[in-house]
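Chains, contacts and geometry: an overview
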Amino acid sequence: MHNKGLIKLFAILFAVVSIYQLSFTYIANKIEGDAENFAVQAVSDQLENYPEQRDLKAQRYLDSIANEPYIAGITYNVAKEKELNRGLDLKGGINVILQISVKELLVGLSNNSKDEKFLQALEATDEAFKTSAENYLETFFDEFEKIEGARLASPSIFANRTLEEVDFDAENSDVRPTLRRRIDESITSAFEVIRERIDKFGVTQPNIQRLGNSGRILVELPGAKDISRVQNLLQSTAQLEFWDVFKGSEFQEFLFEADQVIAAELNKDSSKQEKEEDEIDDVDADIDDLLASDDIDEENLADKKPLLSRLESLGNPEGPVIAYFSERDTATVGAYLRKDAVRAKLPAELRYAEFVWGKPAKESNIVELYALKSNRNKEPQLSGSVVTNAQQSFDQMGRVAVTMQMDRRGAKKWEEMTKNAAQNRSQIAIVLDNIVYSAPGASQAISGGRSEITGEFSVKEAQDLANVLRAGKLPAKAEIIQSEIVGPSLGQEAIEAGIYSFIIALIFVLLWMIFYYGRAGVYADVALVINILFIFGILAGLGAVLTLPGIAGIVLTIGMSVDANVLIFERIREELRDPEKDTKMAINDGFKNSLSSILDANITTGLTGIILLVFGTGPVKGFATTLLIGIGTSLFTAIFITRMFIDKYAVKNKPIDFATKMTKNFLVDIYVKFLEKRKVAYIISGIIIAVSIFSLTTNGLNQGVDFVGGRTYTVRFDQSVNAVELKSKINERLGSPEVKTFGANNQVRVTTNYKIDVEGQGVDQEIQTILFEEFKDILPAGFTFEDFQVGGENEEYGIMSSMKVGPTIAEDIKRASYYAIFGSLLVVFIYILLRFRKWQFSLGAVAAVTHDVLIVLGVFSLTYNFMPFNMEINQAFIAAILTVIGYSLNDTVVVFDRVREVLKLKPDGVLKGVINDGISSTLSRTINTSLTTLVVLIAIFIFGGESIRGFMFALIIGVLVGTYSSVFIATPVMYDTAKKNGIDLRTQEEKEEAEGLATGQA
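From a predicted model like this one, the values you see are computed outputs, not experimental measurements. (Residues numbered from 1 in each chain as written. Predicted model: local features only at pLDDT ≥ 70, side-chain atom pairs only at ≥ 80, totals over all residues. Heavy atoms only, no water.)

What follows concerns the packing of helix H29 (residues 875-905) against helix H30 (residues 911-921). In contact at an axis separation of 8 Å, H29 and H30 are set at 130° when each is read in the N-to-C sense. Here H29 is positioned oblique relative to H30, judged by the angle of their axes. In this structure, H29 crosses over H30, and the sense of that crossing is right-handed. Of the residues in H30, those touching H29 at Val 895, Arg 898, Val 899, Val 902 and Leu 903 are Leu 911, Val 914, Ile 915, Asp 917, Gly 918, Ile 919 and Ser 921. Split by residue class, the contact of H29 with H30 holds eight nonpolar, two polar and two charged. (Axes fitted to C-alpha atoms, helices over the stretch in contact; angles between N-to-C directions. Helix = DSSP H or I, 4+ residues; strand = E, 2+ residues; numbered from the N terminus. Parallel < 35°, antiparallel > 145°, perpendicular 65-115°, else oblique. Left-handed = near helix turned anticlockwise from the far one by under 90°. Contact = heavy atoms within 4.5 Å. Nonpolar A, V, L, I, M, F, W, Y, C, P; charged D, E, K, R; others polar.)

Dropping the structure here:
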């Protein structure tokens, strides 16, 4: 192996970088563990609402040390930002896909048009969109074109004041780009609004992204606990408002008075708590002493001046900013300013003032505090609904600006507000969702409704502000069309299950490799451990999200990563049996001759992983990500790391056995006439496939909510329950729901399509209320609805998780699944055709894969009614099917590679004998790889948790059937088609090479 030094250096650097990336996760977890211990010691479990008190105490601890270096200058904030992200199923939280109503946006752009043709087109689009592969806007265009004489540029539709760029005489094709752009701008506005709301909510590591041009927005909030607040936050329309603001000088005296009031209240509460909880306060004081820095008076200052101690600086007396505070103190300061005793200190002329925060600048954690001129009804001077258009522009001096146009009503009020601001030298605050985005002044009254906002903007910031202003004109409801909510305790259980399965699978693989290959197995184990380090390091470095299926993908990678080492070791064992080769030569030839099979096998598996990544969503993407990373790192560690260890030992001319005494002669020189048994295999497979197809057509499959739409709730009780009895309790009110035991006997999964076409949070609340009322008699005593609901106060029992999929997105998921499966089969056929140059190889591989998929589907169809675990057909199942396709191809390609090699070595051999020889020579590898992979899958199946048990069962069946089909289906089909057509399976280059070899020997 050339360039050993370079490879060694790269491996060491890669390992160091991986450890560095993972160190952030360790530091963040260690500090959070310290915070939890601090909270447990500081707050007694005898106190009322002690979990909430402990959460607050832990958060206070984290806030206090957030920017203090922990090790090597790394702070908690830095570590938290760079730690390995955990997904929803490992951390709890909420995952939703929002559909921005493109229909409402079109109606808004048409100025609420009542044109009959326009309304007819919308109605037709609603119906067609249910089955259309196009997005709503393109479907609308198609339906509009079907209406005779319909013109998008009609004055009663889009040629209006809102869309000044649309000419009255424009063709439909000319109007479409304008509508596409305006709709995209509106969805971008909605996206920005949602992102700002999530940032304000304070969830760590949120994932918010647009899903193509579908008008859908994915929001993942791991760790979010206040579920109802999150749902309200996501679904409420943007609230854009224009307010007059007070000057900073009007509130400076008030801040000092407020500080005294707050200090007095805190001291009073502190004294009361000291009397009631002396013991707890002693513990708190001891821990605070341990945490105290050199500046020990900081805590005392915060107690004596709770408001002023948090003050960064006062604002300009003549400007709109009252004061500046650190972003981390905004919640505390906001709570102080809302206190009745504090507001009582406001003078009469300021008593209706509304305190709001500004939008922090980039790369800054300092936030401005404003006071809006409100009234008794808390109504703004002007709402954002009057804005008809806004865009980023440049003023006459070439400075970045935002131009804004209002309707007639807004223009009149805007002129009044700007006149007042000019006379008083005051400002007008532009407020979106209670955040001040800008507070410009006015040099004169602005008439006509068209105005220009200038400031210290970058182009990007001006574009964002224009998006915000447009959001006020085009409010569109955001419907939750898919959601998944997981309680924190369920997430913790998933972590434990994932770790157990990971450790058990790893231990087995490590021991098996040593048992079977001896010293070489030890080297393979070291490479495997390095491989795992690389996988986690890459995940952390890329900021990827680790999910439970992702852990399954890593564990599966452990099972599959030994395959490359097995291929290498088995080939070296063959080379060592050649008396003309010494150990060093055998190792070189073993690595060289096995490389083709290793690359082919991993490329085919990688192709199916890419398809999973493209068509999958959420946890399925997590599985695909870890699988693809695992394939890449496995190739590197097997081909280079293992080789380095083996070469280092062999260079000293020391003998190295690639087997132990027990395995040395296992399957050596074996020859099995597999093709003679192909007709029996055809009959057996034919019968199983026929039964599978019959069951699929009569019994069908247990399609999950991913494919048919609906809602599911995982409910846990403190006692064993009977699923049939629970169903009878809710059957009438929820319209024949499905209730099944899910995992332990005290947990069930309830699935219902009750009011699935009705959007909004009210239906979710209604269903949870029904479940609570009907199950109340078997819930723990004193259990309230707040305890029971998802994300509720009780984390041990009640609704542990919920999921909702609307009918529209269910159709999209189903369609994407079909594309993924058939696309993978097509990719397989093309790749093998290009690689082996003969269509017979492609046909054999596709026949085997189709055979495997049909049998897995048949098993699920036949057994879902009585299996004691969930066997729904959902996105995870599709991921399993694609993985089965990849694994089956892996096996098949290895066999095909060896058959092709034997064909070159024995050009005059009988085709049947050559193929039997090729299959027999790979038998040891096939058994080894299949056995390790199966044991790994069984470990995950048993210990990996209920949520992925069906997924693992599909993979177990797939591996068994895939191993069988690579020997008894793929190769026989290839042989029969070649024999029938009298085709030589060698390529032209291989024929010429064989002829040259024969001539040389002669």
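Turning to the packing of aromatic side chains, a few remarks are in order. Think of a pair of aromatic rings as described by two things: how far the centres are apart, and how the planes are tilted against each other in angle. Tallied over the entire structure, the rule returns 36 aromatic pairs. For the ring pair Phe 860 and Phe 877, a centre distance of 4.7 Å and an interplane angle of 55° mean the geometry is tilted. Note that Phe 860 is positioned in helix H28 (residues 839-863) and Phe 877 in helix H29, a separation of 17 residues in sequence. Classification of Phe 860 by relative accessible area gives buried; the value is 1%. We classify Phe 877 as buried; its relative accessible area is 3%. An aromatic cluster is defined as three or more aromatic residues linked by ring pairs; in this entry it consists of Phe 508, Trp 512, Phe 515, Tyr 516, Tyr 517, Phe 569 and Phe 658. The side chain of Arg 749 reaches across the aromatic face of Phe 742, ending 4.2 Å from its centre. (Phe/Tyr/Trp six-rings, centres within 6.5 Å; stacked < 30°, edge-to-face > 60°. Buried < 20%, exposed > 50% of the residue type's maximum accessible area, 1.4 Å probe, protein only. Lys NZ or Arg CZ within 6 Å of the ring centre and 35° of its normal.)

A separate point is the side chain of Thr 418. Here Thr 418 lies in helix H15 (residues 408-424). Leave out the neighbours within four places in its chain, and Thr 418 touches Ile 428, Ala 442, Gln 444, Ala 445 and Ile 446.

So, on to the sheet that holds strand E4 (residues 93-100). Through backbone hydrogen bonds, the strands of a sheet pair up, either in parallel or in antiparallel fashion. Spatial strand order, E5-E6-E4-E18-E23-E20-E22-E21: eight strands in an open sheet with antiparallel pairing. Looking at which strands have only one partner, the edges of the open sheet turn out to be strand E5 (207-211) and strand E21 (738-741). Direction aside, neighbouring strands of the sheet carry axes that sit 20° apart on average. As defined by bridge partners, E21 adjoins strand E22 (residues 747-752) across four bridges and the pair is classed as antiparallel. Pairing of Val 739 across the sheet is with Val 750, part of E22. The strands touched by helix H24 (residues 723-734) are E21 and E22; relative to E21, the strand with the most contacts, the crossing angle is about 160°. (Pairing = 2+ DSSP bridges.)

Taken together, the buried positions of H24 are occupied by Ala 723, Leu 726, Ile 730 and Leu 734. Seen along its axis, H24 keeps its buried residues to an arc of 65°; they face one direction. Seen from the open side of H24, the exposed residues pointing more than 90 degrees away from its buried face are Val 724, Glu 725, Ser 728 and Glu 732. Positive backbone phi, at 65°, marks Gly 735, one or two positions downstream of H24. (Arc of directions from axis to C-beta.)

What follows concerns the confidence of the model for the protein chain. Mean pLDDT over the protein chain works out to 80, with 87% of the residues at or above the 70 mark. The secondary-structure element of the protein chain with the lowest mean pLDDT is helix H11 (residues 278-291), recorded at 42, while helix H22 (residues 678-698) shows the highest, at 93. Here residues 272-299 scores under 50 on pLDDT; set against residues more than four positions off or in separate chains, the count is 21 contacts. Within the model, the stretch residues 997-1002 combines pLDDT values under 50 with zero contacts to residues more than four positions away or in other chains. (pLDDT = per-residue confidence, 0-100.)

Under the defined criterion, the tally for this structure stands at 33 salt bridges. The salt bridge partner of Asp 395 is Arg 399, with a shortest N-O separation of 2.8 Å. Overlapping salt bridges, with partners in common, bring together Arg 571, Glu 574, Glu 575, Arg 898 and Glu 901 in one network. (Salt bridge = Lys/Arg side-chain N within 4 Å of Asp/Glu carboxyl O.)

A few words now on unusual backbone geometry. Phi is positive for Asn 111, which is not a glycine, with a value near 60°. The phi angle at Asn 112 is positive, at roughly 55°, despite the residue not being glycine. Looking at the secondary structure, you find Asn 112 in the loop between helix H5 (102-109) and helix H6 (116-129).

With that settled, the discussion passes to the pairing of strand E15 (residues 428-432). Among the five residues in E15, five count as buried, and that is most of the element. Residues Ile 428, Ile 430 and Leu 432 of E15 are buried on one face, and the alternating residues Ala 429 and Val 431, pointing to the opposite face, are buried as well. The pairing of E15 with strand E16 (residues 435-438) spans three bridges and is classified as antiparallel. Bridge pairing links Ile 430 to Ser 438 in E16.

Following both chains from N to C, one finds helix H20 (residues 583-615) and H29 inclined at 160°, their axes separated by 8 Å at the closest point. Comparing their axes, H29 and H20 come out roughly antiparallel. With respect to the hand of their crossing, H20 and H29 are arranged in right-handed fashion. The residues of H29 that touch H20, namely those facing Asn 593, Ser 596, Ser 597, Asp 600, Ala 601, Thr 604, Thr 605, Thr 608, Ile 611 and Leu 612, are Ala 879, Leu 882, Thr 883, Ile 885, Gly 886, Leu 889, Asn 890, Val 893, Val 894, Asp 897, Arg 900 and Glu 901. Tallied by class, the residues present in the contact of H20 with H29 amount to nine nonpolar, nine polar and four charged.

To continue, consider a nonpolar patch on the surface. On the surface, a cluster of nonpolar side chains totalling about 820 Å² of accessible area is made up of Ile 499, Tyr 500, Ile 503, Ile 504, Ile 507, Leu 511, Ile 938, Ile 942 and Phe 943. Counting residues per element, the ones that place at least two in the nonpolar patch are helix H17 (488-517) and helix H31 (923-943). With six residues, the top contributor of residues to the nonpolar patch is H17. For Ile 938, the position within the fold is in helix H31. For Ile 938, a relative accessible area of 37% gives the class partly exposed. (Patch = residues over 30% accessible without salt bridge, like charges linked within 9 Å, V, L, I, M, F, W, Y side chains within 5 Å. Areas by Shrake-Rupley, 256 points an atom, 1.4 Å probe, with all protein chains shown as cover.)

To continue, consider the nonpolar core. Grouped together as the largest cluster of nonpolar side chains are 131 residues, with contacts concentrated most on Phe 569, Ile 832, Phe 877 and Ile 885. The leading source of residues in this core is H29, at 17 residues. Here Phe 877 is in contact with Val 856, Leu 857, Phe 860, Glu 872 and Ala 954, once residues within four sequence places are set aside. In terms of nonpolar packing, the next biggest core, distinct from the first, is built from 70 residues, Leu 152, Ile 157, Ile 217 and Val 750 among them. (Core = buried A, V, L, I, M, F, W, Y, C linked by side-chain atoms within 4.5 Å.)

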